[in-house]
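Fold and contact review
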Amino acid sequence: MAVLPAERDLRRVIGDGEGVPDGEVEGLSQDDLLELHRRLVLLRTYDERSVVYHRQGRIGTYAIFWGHEAMQVGGTYALEDADWIFPSYRESAIGLLRGMPASTVLSWWRGHPAGWWNPADWNVASICVPIGTHVPHAAGLAWGKKLRGERTCAIAFFGDGATSEGAFHEGANFAAVMRAPVVLFCNNNQWAISTPLSAQTAAETLADKAAGYGIPGVRVDGGDVLAVYEATREAVERGRAGEGPTLIEAVTYGSASA
Amino acid sequence: MRADAAQLMRDGIAAAEAEPPADPELLFSHAFADPPASFDADLAELRRVLGG
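The structure reproduced in this document is the subject of the present report. (Residues numbered from 1 in each chain as written. Chains lettered and ligands numbered in written order. Predicted model: local features only at pLDDT ≥ 70, side-chain atom pairs only at ≥ 80, totals over all residues. Heavy atoms only, no water.)

1. Some thoughts on the overall build of chain A
The test is simple: Secondary structure elements follow DSSP: runs of H or I of four or more residues count as helices, runs of E of two or more count as strands, with numbering from the N terminus. As a reference, a globule follows 2.2 Å times the number of residues to the power 0.38, and the radius of gyration itself is taken over C-alpha atoms. Burial status follows relative accessibility: with a 1.4 Å probe on protein chains alone, a residue under 20% of its type maximum counts as buried, one over 50% as exposed, and anything between as partly exposed.
If you tally the helices and strands in chain A, you get eight helices and seven strands. For chain A, whose C-alpha radius of gyration is 17 Å, the value lies close to the compact-globule estimate of 18 Å for 258 residues. For the C-alpha atoms alone, the extent of chain A along its principal axes is close to 55 × 50 × 40 Å. For chain A, with 258 residues in total, the buried portion stands at 55%.

Structure (structure tokens):
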């Protein structure tokens with residue numbers, strides 16, 4: 001299969017009301033759009049309340065994801081319940097989208113054992129705090145499911161800084177060689193804590209790195225839940241069809257403090 | 001929608017804070033294949049310090 005250069009233009013569905021008109025996503029009903037909105041509101045509310053909870057000293061630490069909601073909602077809405085999610089600490093509340101109780105996630109931030117869960121209960125892996133080390137886990141699970149003849153996919157969420165880590169390279173390379181059905185979802189918010197993207201990589205785009213693994217790389221507006229959904233759905237379909245992983249670079253801006 | 005999410009958070013915070021304190025042994029029980037000889041005494045000392 002020929003390896004094409006990564007897409008560099010940002011995919012968008014939601015227009016800006018001026019030069020870029022609104023687009024459409026095939027297969028989404030009005031109920032789907034309402035559900036996407038409900039999930040966006042849920043994550044934003046969780047995030048805002050958790051920041052306050054942290055500032056009150058009731059949890060020891062907290063990773064804000066303000067502005068990441070559309071990536072998490074759109075990316076997971078393209079999955080089936082049997083598909084596995086591998087979150088980083090920036091996606092701490094993603095289990096809520098699978099019905100996990102808020103108390104479980106909040107207990108995790110409190111360092112309480114009630115915050116541990118059986119990943120198989122929700123098909124949500126443990127929140128990964130080390131940078132990028134869950135990428136090989138996701139690749140391995142996806143490959144294992146493929147070997148068993150199951151149609152399950154996996155998605156790994158990570159930040160722009162993770163693309164400089166060895167674990168990201170190992171996981172992406174392994175997934176590509178084994179044609180593992182995994183979506184490598186990079187939430188590029190331009191900042192790895194305090195390191196700007198310009199000091200992170202010499203690549204013009206993070207999606208360009210996909211070419212080195214022989215897989216498709218796409219860029220999408222990370223604030224456009226519909227574009228994220230559509231790009232992830234395509235990636236999942238590729239995975240289920242035996243065509244291996246896709247690297248999605250969802251571009252946003254880290255406008256909240258780390 | 002916003003009110004529902006806020007209520008979910010209030011309920012979640014209340015439930016999380018209602019959890020009884022964890023047994024400090026949990027921190028160590030999975031850490032050692034072969035606990036050191038002083039483990040039981042050290043744990044008893046930790047519990048004494050924590051007031052448990």
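2. Digging into the pairing of strand β7 (residues 246–251) of chain A
Residues and elements named next belong to chain A. The cut-off we apply is this: At least two bridges found by DSSP between two strands are what make those strands a pair.
Judged by how many residues are buried, β7 sits mostly within the fold: six of six residues are covered. A two-sided burial pattern is seen for β7, the buried positions comprising Thr246, Ile248 and Ala250 on one face and Leu247, Glu249 and Val251 on the other. Both strand β3 (residues 182–188) and β7 contribute to a ladder of six bridges, which runs parallel. Directly across from Asn188, in β7, lies its bridge partner Val251. As paired strands, strand β6 (residues 217–221) and β7 are joined by five bridges and run parallel to one another.

3. Notes on the pattern of salt bridges
All names here are of chain A. For clarity, the threshold we go by: One side-chain nitrogen of Lys or Arg within 4 Å of one carboxyl oxygen of Asp or Glu is enough to make a salt bridge.
As enumerated under the stated definition, the model contains 21 salt bridges over all chains in all. Residues Arg12 and Asp221 are paired through a salt bridge, measuring 3.6 Å at the closest nitrogen-oxygen approach. Highlighted residues: Arg12 in the segment before α1 (30–55) and Asp221 in strand β6, separated in sequence by 209 residues. Several salt bridges share partner residues, and in doing so they unite Glu80, Asp83, Arg151 and Arg240 into one network.

4. Some remarks on the environment of Leu197 of chain A
Residue and element names in this part refer to chain A. Heads up, the condition is: In what follows, a contact means two residues having at least one pair of non-hydrogen atoms within 4.5 Å.
Counting through the fold element by element, Leu197 comes out in the loop between β5 (195–196) and α7 (209–213). Distance in space between the C-alpha atoms of Leu197 and Gly161 is 7.9 Å, their sequence separation being 36 residues. Look past the residues within four positions of Leu197 in its chain and what remains in contact with it is Asp160, Asn188, Gln190 and Leu206.

5. Looking at the interface of chain A and chain B
Just so we agree on the cut-off: Two parts placed together each lose some accessible area under a 1.4 Å probe, and the buried area is that loss summed for both. Polarity classes work like this: nonpolar for Ala, Val, Leu, Ile, Met, Phe, Trp, Tyr, Cys and Pro, charged for Asp, Glu, Lys and Arg, and polar for all others, with Gly in that last group.
In this assembly, 21 residues from chain A lie in contact with 16 residues from chain B. When chain A packs against chain B, the two sides together hide about 1600 Å² of surface, and 73% of this comes from carbon and sulfur. Applying the counting criterion to the chain A and chain B interface returns three salt bridges. Note that Glu17 of chain B is salt-bridged to Arg58 of chain A, the shortest N-O span being 2.9 Å. Contributing elements (two or more residues each) for the side of chain A that touches chain B: α1 and α3 (102–109) of chain A. Across the side of chain A that touches chain B, the residue classes break down as nine nonpolar, six polar and six charged.

6. Observations regarding the packing of α1 of chain A against helix α1 (residues 2–17) of chain B
How we decide: Axes here refer to lines fitted to C-alpha atoms; in helices the fit is confined to the stretch in contact. Angles between the N-to-C directions go from 0 to 180 degrees. Just so you know how the angles are binned, under 35 degrees is roughly parallel, over 145 roughly antiparallel, 65 to 115 roughly perpendicular, and the rest oblique. By convention, the crossing between two helices is left-handed when the near helix turns anticlockwise from the far helix through less than a right angle, and right-handed when the turn is clockwise.
It is at 9 Å that the axes of α1 of chain A and α1 of chain B come closest, and there the two elements cross at 45°. In terms of orientation, α1 of chain A and α1 of chain B fall into the oblique class. Note that α1 of chain A runs across α1 of chain B; the crossing there is right-handed. Residue-level contacts link Val41, Leu42, Arg44, Thr45, Tyr46, Glu48, Arg49, Ser50 and Tyr53 of chain A of α1 of chain A to Arg2, Ala5, Ala6, Leu8, Met9, Ile13 and Glu17 of chain B of α1 of chain B. Here the residues of the contact of α1 of chain A with α1 of chain B are counted per class, giving nine nonpolar, two polar and five charged.

7. Considerations on unusual backbone geometry
Residue and element names in this part refer to chain A. Of note, the phi angle at Asn123 is positive, near 55°, even though the residue is not glycine. Summarising the element assignment, Asn123 is placed in the loop between α4 (119–122) and α5 (134–147). One non-glycine residue, Ile193, adopts positive backbone phi at about 55°. Within the element layout of this structure, Ile193 appears in the loop between β4 (191–192) and β5. Classification of Ile193 as exposed rests on a relative accessible area of 53%.

8. Quick notes on the nonpolar core
Rule in force here: Remark: nonpolar core denotes a set of buried residues (Ala, Val, Leu, Ile, Met, Phe, Trp, Tyr, Cys) joined through side-chain atoms within 4.5 Å.
Ranked by size, the top nonpolar core spans 56 residues in total, and within it Tyr46, Tyr62, Leu106, Phe185 and Ile248 of chain A carry the most contacts. With eight residues, the top contributor of residues to this core is helix α8 (residues 225–240) of chain A. Look past the residues within four positions of Leu106 of chain A in its chain and what remains in contact with it is Tyr46, Ser50, Tyr53 and Ile59 of chain A together with Met9, Gly12, Ile13 and Ala16 of chain B. The next biggest cluster of nonpolar side chains, apart from the first, holds 26 residues, and it includes Phe86, Ala154, Ala176 and Ala210 of chain A.

9. Looking at helix α6 (residues 166–177) of chain A
Along an α-helix, a turn takes 3.6 residues, which lines up residues three or four apart on a common side. All names here are of chain A. Basically, it comes down to this: The span expected for a helix works out to 1.5 Å for each residue beyond the first. This arc is built from the directions going out from the helix axis to the C-beta atoms.
For α6, built from twelve residues, the straight-helix expectation of 16 Å at 1.5 Å per residue is met to within 8% by its first-to-last C-alpha distance of 16 Å. Of the positions making up α6, those classed as buried are Ala167, Phe168, Gly171, Ala172, Ala175 and Ala176. The buried residues of α6 occupy an angular sector of 155° when projected down its axis, which confines them to one face. Exposed and facing more than 90 degrees away from the buried side of α6 are Glu170 and Val177. For α6, the elements touching its buried residues are α5, β2 (154–159), β3, α7 and β7. Remark: Arg179 follows α6 within two positions and exhibits a positive phi of approximately 50°.

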